[in-house]
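A structural walkthrough
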Amino acid sequence: MPAGRETRAEVAVRAADDASEFERARRREEERPLVEAAIRGSAAAFEALYRLHVGHVYGLCLRMTAHPATAEDCTQETFVQAWRSLPSFGYRSAFGTWLHRIAVNAVLAHGRRRREATGADRPIDEVVADTLADPSLGEDAAVIDLEEAIRRLPPGARDVLVLTGIYGYSHEEAAAMLGLAVGTCKSQLHRARRLLGERLALEEEP
Amino acid sequence: MTIRPDDDRALEAALARLPRSVDPPRDLWPGIAARVEDRPGRSGLRWPWAAAAAVVLVVASSAITASLVRRAGTPVAAGPVAEAPVPGTASTAFGPGHTLDPAYDAARRNLVDELSRRIDRMPPSARQRLEANLGELRRASSEINGLLAERPGDPLLEELLLATYQDELAVLANASQITAAADLRAVADETEKRIPL
């Protein structure tokens, strides 16, 4: 295939992206009355917003924390924080994007509290992930699928990959959300891609 | 899944195909609802911040009190009140959905009031510098509050905002201390004139 030509899969992804963009624009218009009602203090409107967005928020938290119970806590914290902060929501971004920023902060705050509680410089799962990243260390590195491979990435690399690769944020946006320099964000993504590629290639070996 | 380690485009396409939405295994709303039923509009400051603020406040207040006691030996009656408001005494906030602890706010108002009564007795150049410094700090806190509206809970912004409030309190406390000392010297001079030693 000549360099620069899109594969069928990539064309399909782009078409899906266009459809998603249309869907997001439609959703923004639909949810605006709900946001306004929630700002005025309507818990019912806020519950409707929760129903609309909980899947995306939980998906983001789950992929960043790699731990279902922690992802549930962070999701709840995100919506509680959003409720408290709604009076200051100024439509400078889409409501969903605003929620994602709160979710990222909730995940980062949870990670910080956990490190403070354990006194560990590095989270245990980061150490485990680094160990598993070395294919010479045994058959455990043969992970099952892409989600599993993402789950086992070191947290810093995983955060960047989730935000840019799955949720479509730019390097600048992801760096701002994570409190990183853009250069750090790019190098973490490079690291994540390398580890994922190695892991998925390893999976294919007989 | 076959993706070569060096095939970034295939990996990007595979990532983009993953569902962005994942349903949680249970309904999380009841736990949220229990915490959102009564939005007070603006909630109180979480305690570590209130504690940190209180420490600064105690230090600032103690410095003023110590100065008064050390220099006069007796409590000083308030002199004639000259109403010269300190510019830009906007109310403080702690990001969206939060206000500073009421005790912190009350003490800050006291410092501002005290300074307002005395600021006209400061040398013009000192007063100008003070007003410029306070204005700068209040512009900074206003900007950080605006950013916190976009990024609620951002730990870096929260730390920055607290530090800005602490700086403002320190400036207010120092200014109050200096003007109080000037008042005391004026009282002492007046006393010397009336009762020659």
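Let me begin by describing the structure that accompanies this report.

Conventions we followed
Residues numbered from 1 in each chain as written. Chains lettered and ligands numbered in written order. Predicted model: local features only at pLDDT ≥ 70, side-chain atom pairs only at ≥ 80, totals over all residues. Heavy atoms only, no water. Helix = DSSP H or I, 4+ residues; strand = E, 2+ residues; numbered from the N terminus. Buried < 20%, exposed > 50% of the residue type's maximum accessible area, 1.4 Å probe, protein only. Contact = heavy atoms within 4.5 Å. Areas by Shrake-Rupley, 256 points an atom, 1.4 Å probe, with all protein chains shown as cover. 1 Å grid on protein atoms, 1.4 Å probe; cavity = no way out; pocket = protein on both sides within 12 Å on 5 of 7 lines; lining within 4 Å. Points joined across faces, edges and corners; volume = space filled by probe spheres on them. Nonpolar A, V, L, I, M, F, W, Y, C, P; charged D, E, K, R; others polar. Buried area = accessible area lost by both parts, 1.4 Å probe. Salt bridge = Lys/Arg side-chain N within 4 Å of Asp/Glu carboxyl O. Polar contact = N/O pair within 3.5 Å; in protein donor to acceptor, adjacent residues only side chain to side chain. Expected span 1.5 Å × (residues − 1). Core = buried A, V, L, I, M, F, W, Y, C linked by side-chain atoms within 4.5 Å.

On a plain count of helices and strands, chain A comes out with nine helices and zero strands. Listing every helix and strand of chain A by position from the N terminus yields α-α-α-α-α-α-α-α-α. By residue count, 46% of the 206 residues in chain A fall in the buried class. A fraction of 61% describes how many contacts in chain A between residues 6 or more apart in sequence connect residues 24 or more apart. Looking at chain A as shown, the accessible area adds up to about 9,900 Å², and 53% of this sits on carbon and sulfur atoms.

Our next topic: empty space enclosed by the protein. Evaluated as defined, the whole model comprises two cavities of 30 Å³ or more. Reported here for the second largest cavity is a volume of approximately 40 Å³. In terms of lining residues, the second largest cavity is bounded by Ser 88, Phe 89, Gly 90, Tyr 91, Arg 92, Ser 93, Trp 98 and Arg 101 of chain A together with Ala 149 and Glu 150 of chain B. When grouped by side-chain class, the residues that make up the lining of the second largest cavity number four nonpolar, three polar and three charged.

Time to look at the interface of chain B and chain A. Listed per partner, the contact involves 44 residues of chain B and 59 residues of chain A. Both sides of the chain B and chain A interface together cover about 4,800 Å² of buried area, and 57% of this is carbon and sulfur. Connecting chain B to chain A are four salt bridges. Across the pair Arg 193 of chain A and Glu 12 of chain B runs a salt bridge whose closest N-O atoms are separated by 2.5 Å. Joining chain B to chain A, the criterion identifies 14 residue pairs in polar contact (both at pLDDT 80 or more). Secondary structure elements with two or more residues in the side of chain B that touches chain A: α1 (8-17), α2 (29-36) and α5 (124-150) of chain B. Per-element tally for the side of chain B that touches chain A: the top contributor is α1 of chain B, with 10 residues. Of the residues assigned to the side of chain B that touches chain A, the class counts are 22 nonpolar, nine polar and 13 charged.

Okay, α5 of chain B next. In an α-helix, one turn spans 3.6 residues, which is why side chains three or four residues apart end up on the same side. Its 27 residues give α5 of chain B an end-to-end C-alpha distance of 39 Å, which sits within 8% of 39 Å, the value for a rise of 1.5 Å per residue. Looking only at α5 of chain B, the buried set comprises Ala 126, Leu 130, Leu 134, Leu 137, Arg 138, Ser 141, Ile 144, Asn 145, Leu 148 and Ala 149 of chain B.

Bringing the environment of Thr 164 of chain B into the picture now. Residues and elements named next belong to chain B. Among the secondary structure elements, Thr 164 is positioned in helix α6 (residues 155-194). Those residues in contact with Thr 164, other than ones at most four positions away along the chain, are Leu 137, Ala 140, Ser 141 and Ile 144. A distance of 2.7 Å separates a polar atom in the side chain of Thr 164 from the backbone oxygen of Leu 160.

This next bit is on unusual backbone geometry. The general pattern is negative phi for most residues beyond glycine and trans for most peptide bonds. Within the chain, Ala 66 of chain A stands out as a residue other than glycine whose phi angle is a positive 60°. You can see Ala 66 of chain A is positioned in the loop between α2 (43-65) and α3 (68-85).

Quick look at the nonpolar core now. Membership of the largest hydrophobic core comes to 61 residues, with the highest contact counts inside it found for Phe 46, Leu 86, Leu 146, Ile 150 and Leu 196 of chain A together with Leu 15 and Ile 32 of chain B. If we skip the residues at most four places from it in the chain, Ile 150 of chain A touches Arg 158, Leu 161, Val 162, Ile 166 and Leu 196 of chain A together with Leu 15 and Leu 18 of chain B. In terms of nonpolar packing, the next biggest core, distinct from the first, is built from 11 residues, Leu 111, Ile 119, Ala 126 and Leu 172 of chain B among them.

Two side chains carrying opposite charge are able to pair once their charged atoms lie near each other. A complete count under the given rule lists 13 salt bridges over all chains for this structure. With its nearest N and O atoms 3.0 Å apart, the salt bridge here joins Asp 27 of chain B to Arg 51 of chain A. Taken together, the residues span two chains, with Asp 27 of chain B in the loop between α1 and α2 and Arg 51 of chain A in helix α2. Residue classification places Asp 27 of chain B among the partly exposed positions, given a relative accessible area of 38%. A network of salt bridges, in which partner residues are shared, links Glu 47 and Arg 51 of chain A together with Asp 27 of chain B.

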